[in-house]
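So the chains spell out like this:
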Amino acid sequence: MKKFTLLLTAAALSAGVAFAQEEQAAAAAAAATDAAAGAAQQTQQITQEQLQALLAQMQQNAPAPAKIEDIKAMLPEVIGTVRGENFTRDELLKALEENPNALAMLGRVEGADRAQMLKDMADELMTMNLLEKIADEKGLLPKDAAAAKAALQEEINAMPEEMKAAFEEQLKAQGSTLDKFLDEWSNKEEIRLNLALDKLMKQMTSEANVNTDEAAKKYYDENIKDFTLDGTELAASHILITPEADTPEADEAAKKAAEDVIKRIQAGENFEDIAKELSACPSKAQGGDLGYFRAEQMVPEFSAAVVMAEEGKLIETPVKTQFGYHVIRRNALPKAVPFEKVKDAIKNQLAAKFMQSYVESLQKSDIVNNITVPAEEAAPAETAAPAEAK
C-alpha cells in the first residue's frame, strides 16, 4: 500500500513527475523573489526564536491525532471494491499509520465529518490502485528501479538546457548530483507510480486529441476575456548585475559593469543575448523577460523606474535595489497575453480536465465505497411554553 496525499486531484495526475516548468516559470520566480523581498522590507521581521516559539504554541494547541483503534471502530471490514476485488479495512489503516498528517487531520474532526474524510481517503486510495492497475495493463508501470531510473532520465533529458543546468546546480547546492538523485528517487515506489500515471495521462490525452495546439487555440479564442490585461500591469525585461562582495568597491564594480551593459545595448547588441550571458536573475533563461506584473509586486525602486520609462525604451542608467544593479527595458503591454505565452498552460489545463472526467467515470463504474456517513443530528426542537390558564 502506497503512502497517499489527501484528496487526489487532476492537477496531481497531470503533474506526475513534472520536472519541466512552464515557459514563464523562471521569470515568474524572479518577480516573486523581488516581491517577497520588497514585502520583507516593509514588514517587521520575525526572529528564529519567535518562530520556534510560535510553532511550539501551535503544536501545543493542535488537537491530538486520531487514534487508529477509534478509526477502526468506525469502518466496515471491507471498505469497498475495485473492479470486484475487496479493498479492506486493514489496507486503509496501514496507509493511515504511514501518514501522520492524515491522522492529524482526522483528529481535528469528529462524527459525520470524520466519516466523510475517511470516505474521501478511501476513494483516493482505491482510485490510485485502479489507475496503477490500468497503467500496468498498458505496460506503462516501471517494473523495477532500473526501469524507473531510465524513465526519470528521459524526463530530465526532455528539459530545456537552461532548466536542466539550473536543476543540476540546485542539486549541487544540496550536496547531491544527478546520479545520486536518480538512484535515490528511482527506488521509491511512489515515484514509479507517478511516472506511470504521467505516461498514462499523456497517452490518453494524445489518443483523445484533447490538448493539441489547435484545441488550446480554440480555448484561448473562446475565453479571450480570461487573458485580457486590464491596463494596470507593467511589462519589462532586466539584466541583474550583483556585487561580488558586500563592500563599497564591489558595489562600484557592479555599477560599472551595469553601465557597460547599457553601452553595449546602445551600440546595437541584443538585450536578450546579454541577459542570457550576464544576468544573475533566473529570468536570464527568457532573455531577461519578467512577463507582466503589477507595480506592488516589485521592490519600489524597480517599479518606479519602469513606471517612469517609455514603452519599448531602455532606461539609460542602472537602477539600484537590494539585489544589485538592474539594466531595465520597459516592454510594450499588449491588450491580451499572447497565445504562445499561455499555450502550454492551456494544454495542461485541458489535459487535467479530461483526466478529471476520466477519473470520475472510473469511480462511478469500477469503485464501490462501503463507508457510510451518518446524517447530522437535527437540533432538538424547542418546547413551547404552556398557555396560561384563563
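Residues numbered from 1 in each chain as written. Predicted model: local features only at pLDDT ≥ 70, side-chain atom pairs only at ≥ 80, totals over all residues. Heavy atoms only, no water.

Q: I would appreciate a short explanation of the overall build of the chain in the present structure.
A: Looking only at helices and strands, the chain features 16 helices and seven strands. Residues classed as buried in the chain amount to 39% of the 390 residues present. A separation of at least 24 residues holds for 76% of the contacts in the chain among residues at least 6 apart in sequence. Split by element, the accessible area of the chain, about 22,600 Å² in all, is 51% carbon and sulfur. (Helix = DSSP H or I, 4+ residues; strand = E, 2+ residues; numbered from the N terminus. Buried < 20%, exposed > 50% of the residue type's maximum accessible area, 1.4 Å probe, protein only. Contact = heavy atoms within 4.5 Å. Areas by Shrake-Rupley, 256 points an atom, 1.4 Å probe, with all protein chains shown as cover.)

Q: Just to check I follow, could you spell out the sheet that holds strand β6 (residues 324-330) for this structure?
A: Strand pairing within a sheet occurs via backbone hydrogen bonds; the two strands may be parallel or antiparallel. The sheet built from four strands is open, its strands ordered β4-β3-β6-β5 with antiparallel pairing. At either margin of the open sheet sits one strand with a lone partner, and together these are β4 (289-293) and β5 (319-321). Neighbour-to-neighbour, the strand axes of this sheet turn through a mean angle of 40°, independent of strand direction. Summarising the sheet, strand β3 (residues 234-241) and β4 pair through three bridges and their orientation is antiparallel. (Pairing = 2+ DSSP bridges. Axes fitted to C-alpha atoms, helices over the stretch in contact; angles between N-to-C directions.)

Q: Any chance you could explain the packing of helix α13 (residues 248-266) against helix α14 (residues 271-278) here in plain terms?
A: Each pair of packed helices gets described by two things: the angle between the helix axes and the distance between those axes. In contact at an axis separation of 10 Å, α13 and α14 are set at 150° when each is read in the N-to-C sense. Between α13 and α14, the interaxial angle falls into the category roughly antiparallel. As α13 runs across α14, the sense of the crossing is right-handed. Together, V261, R264 and I265 of α13 and F271, I274, E277 and L278 of α14 make up the contact between the two elements. Considered class by class, the residues forming the contact of α13 with α14 number five nonpolar, no polar and two charged. (Parallel < 35°, antiparallel > 145°, perpendicular 65-115°, else oblique. Left-handed = near helix turned anticlockwise from the far one by under 90°. Nonpolar A, V, L, I, M, F, W, Y, C, P; charged D, E, K, R; others polar.)

Q: Mind showing me how you'd approach helix α10 (residues 178-185) here?
A: Since the α-helix turns once every 3.6 residues, residues separated by three or four places project in the same direction. For α10, the set of buried residues is L178, F181 and L182. Taken end-on, α10 shows its buried residues confined to a sector of 95°, consistent with a single buried face. (Arc of directions from axis to C-beta.)

Q: How do you make sense of the pattern of salt bridges when you look at a structure like this?
A: For the coordinates displayed, the defined rule picks out 21 salt bridges. For K202, the salt bridge identified is with D198, shortest N-O distance 3.2 Å. Here D198 and K202 lie together in helix α11 (residues 189-208), a separation of four residues that amounts to about one turn. E277 is paired through a salt bridge with R264; the nearest N and O atoms lie 3.2 Å apart. Pair noted here: E277 is in helix α14 and R264 is in helix α13, with a separation of 13 residues, a long-range link. For R264, a relative accessible area of 26% translates into the label partly exposed. Where salt bridges share partners, they join D213, E340, K343 and K347 into one cluster. (Salt bridge = Lys/Arg side-chain N within 4 Å of Asp/Glu carboxyl O.)

Q: Explanation requested: the packing of helix α7 (residues 111-137) against helix α16 (residues 339-366) in the structure shown.
A: At a minimum axis distance of 11 Å, the contact between α7 and α16 shows a crossing angle of 100°. With respect to α16, the axis of α7 lies roughly perpendicular. Note on element contacts: α16 touches α7 through Y358, V359, L362, Q363 and D366, opposite D123, T127, L130, L131 and I134. Split into classes, the residues belonging to the contact of α7 with α16 amount to six nonpolar, two polar and two charged.

Q: For this particular structure, what's the right way to read the nonpolar core?
A: By size, the foremost hydrophobic cluster in this structure holds 41 residues, and its most contacted members are I71, L75, L92, L96 and L106. The element contributing the most residues to this core is α7, with eleven residues. Not counting residues within four places of it along the chain, the set of residues in contact with L106 comprises A66, I71, L96, R114, M117, L118 and M121. Ranked by size, the runner-up nonpolar core spans 13 residues in total, among them F293, F302, A309 and I315. (Core = buried A, V, L, I, M, F, W, Y, C linked by side-chain atoms within 4.5 Å.)

Q: What should I look at first to understand the pairing of strand β1 (residues 78-82) in this one?
A: Along a regular strand, successive side chains alternate from one face of the sheet to the other. Most of β1 is tucked away, with four of its five residues classed as buried. In terms of strand pairing, β1 meets strand β2 (residues 85-88) through four bridges, oriented antiparallel. Considered in β2, the bridge of G80 is made with F87. Counting the residues between successive antiparallel strands, the hairpin from β1 to β2 contains two residues, one of them, R83, with a positive phi of roughly 50°.

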